[in-house]
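Single-letter residue listing:
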Amino acid sequence: PSDTAEYVFKILEQLPPKDRLVLTLQYFEGCNTREIAERTGWTLPVVKVRSFRARKRLKELLLQTELASHENR
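Scoring rules and cut-offs
- Residues numbered from 1 in each chain as written.
- Predicted model: local features only at pLDDT ≥ 70, side-chain atom pairs only at ≥ 80, totals over all residues.
- Heavy atoms only, no water.
- Core = buried A, V, L, I, M, F, W, Y, C linked by side-chain atoms within 4.5 Å.
- Buried < 20%, exposed > 50% of the residue type's maximum accessible area, 1.4 Å probe, protein only.
- Helix = DSSP H or I, 4+ residues; strand = E, 2+ residues; numbered from the N terminus.
- Contact = heavy atoms within 4.5 Å.
- Phe/Tyr/Trp six-rings, centres within 6.5 Å; stacked < 30°, edge-to-face > 60°.
- Lys NZ or Arg CZ within 6 Å of the ring centre and 35° of its normal.

Asker: Looking at this structure, how should I read the nonpolar core?
Answerer: Soluble globular proteins tend to pack their nonpolar side chains together in the buried interior. Leu15, Val22, Leu23, Ile36 and Val47 are the most contacted members of the largest nonpolar core, which has 13 residues in total. When contributions to this core are tallied by element, the ones reaching two or more residues are helix H1 (2-13), helix H2 (17-28), helix H3 (33-40) and helix H4 (44-71). Filtering out sequence-adjacent residues up to four positions away, Leu23 remains in contact with Leu12, Leu15, Phe28, Ser51, Ala54, Arg55 and Leu58.

Written out as structure tokens, the structure reads:
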């Protein structure tokens, strides 16, 4: 589990701070959209859009990492 956690944190570090924040609150702290809005001061639509875009960026980073690791083999 520590290797996996280290991998996840390395990928998350590559995201912009606000993207990292929304994903951390959502997935690690279990906050819903309303709770994230309250904690950050963002509106509900902003939280939803930021979460969507952050997940998209995270997916792109994961794919890039996977492609790079396959190329190095």
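Asker: I keep staring at the packing of aromatic side chains and nothing clicks. Help me out?
Answerer: Two aromatic rings, taken as a pair, are described by how far apart their centres are and by the angle between their planes. One pass over the full model with this rule turns up 1 aromatic pair. The interplanar angle of 15° and the centroid separation of 5.8 Å between the aromatic rings of Phe9 and Phe28 together place this pair among those described as stacked. Of this pair, Phe9 sits in helix H1 while Phe28 sits in helix H2, and the two are 19 residues apart along the sequence. Residue class for Phe28 comes out partly exposed when judged on its relative accessible area of 49%. It is Arg50 that lies over the ring of Trp42; its NZ or CZ is 4.9 Å from the centre.

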